[in-house]
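Chains, contacts and geometry: an overview
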Amino acid sequence: MQMDFVVDKQAKTVSITKEFAAELSLVWDAYTKPEYLDQWWAPKPLTSRTKAMDFKVGGRRFYAMVTPEGLERWVVQKYTSITPKTNFKLFNAFADADENLELPGSDWDLNFSEQNGKTKVSISIYNESLERLERMI
Amino acid sequence: MKRDVFQAIADPTRRAIIALIALQAMTPNAIAEHFDTTRQAVSKHLRVLAECDLVRQEQHGREIYYSLEVEKMKEIDKWLEQYRKIWESRFSQLDDMLVKIKKQKEKK
């Protein structure tokens, strides 16, 4: 199923929508459990390695994107709001290996809905500066 | 650039117009036939696209034909492509993983 990808420069927002051929509870788990996230989050040939994750409001996922050469790019995603199986919001920022954030970051809003056994996920990413997108992974 | 190019291509109707005229140069009337909208509305969209140099106009007799400025589109694409590609490969990996998990569940 095709992905919809829209950049609204004025609103400094990127919106990504995709439907998945699986029920909501499974897709929700895929986005919120580290053992699943590490299987799909990093675009090949990169791999994702979650060092710590606590999926609750105020908690965070601290993970690295790892290149085939073993170079690590650390990212922190702090969960700011969670409505189970419906929505969660996070603040995303690059970091060093000691979890010191590189600001500014971006605000993510993820919505989940199920229809006829398929699950639609809509992600909206707000950036203070769209130019930063070029560096984003 | 008089107008924000990213704002111009964020509109779904304008993206559909771009897809149409990428295939061949068309008049506003011919474009309007493809949409549930008026010729005036199409002209307005074309004006927005022209203001950010995304379309080229050519006069043939009494008709004006619009075609896509392919190079301009490529510039934008290059910039967006990186980010779009990341999400595409991410999602295709997620598609694969979901299929795998569903199969495992069926076996049980």
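Concerning the sheet that holds strand β1 (residues 4–8) of chain A
All names here are of chain A. Spatially, β1-β2-β8-β7-β6-β5-β4-β3 is the arrangement adopted by the 8 strands of the open sheet, whose pairing is antiparallel. Only two strands of the sheet have a single neighbouring strand rather than two, namely β1 and β3 (47–53). With strand direction ignored, the average angle separating the axes of adjacent strands in the sheet is 20°. Looking at chain direction, β1 and strand β2 (residues 13–20) are connected through 5 bridges and run antiparallel.

What about helix α2 (residues 12–21) of chain B?
All names here are of chain B. Of the positions making up α2, those classed as buried are R14, I17 and I21. An end-on view of α2 places all buried positions within 55° of arc, on one side of the element. Away from its buried face, by an angle of more than 90 degrees, α2 presents the exposed residues P12 and A19.

Things to note about the environment of A:T67
Residues and elements named next belong to chain A. With respect to the element layout, T67 can be found in the loop between β4 (60–66) and β5 (72–83). Owing to 13 C-beta atoms within 10 Å, T67 belongs among the partly exposed residues under this scheme. Spatially, the C-alpha atoms of T67 and A42 are 9.7 Å apart, while their sequence positions differ by 25 residues.

With respect to helix α4 (residues 39–51) of chain B
Residue and element names in this part refer to chain B. For α4, spanning 13 residues, the distance from its first C-alpha to its last is 18 Å, which sits close to the expected 18 Å at 1.5 Å a residue. Looking at α4, one finds that the buried residues are V42, H45, L46, V48 and L49. Axial view of α4: buried residues confined to an arc of 155°, hence all on one face. Relative to its buried face, α4 has exposed residues pointing more than 90 degrees away, namely Q40 and R47. Looking one or two residues past α4, D53 carries a phi angle of roughly 60°, positive in sign.

Here is what the cut-offs are and how they apply
Residues numbered from 1 in each chain as written. Chains lettered and ligands numbered in written order. Predicted model: local features only at pLDDT ≥ 70, side-chain atom pairs only at ≥ 80, totals over all residues. Pairing = 2+ DSSP bridges. Helix = DSSP H or I, 4+ residues; strand = E, 2+ residues; numbered from the N terminus. Axes fitted to C-alpha atoms, helices over the stretch in contact; angles between N-to-C directions. Buried ≥ 20, exposed ≤ 12 C-beta atoms within 10 Å, placed from the backbone. Arc of directions from axis to C-beta. Expected span 1.5 Å × (residues − 1).

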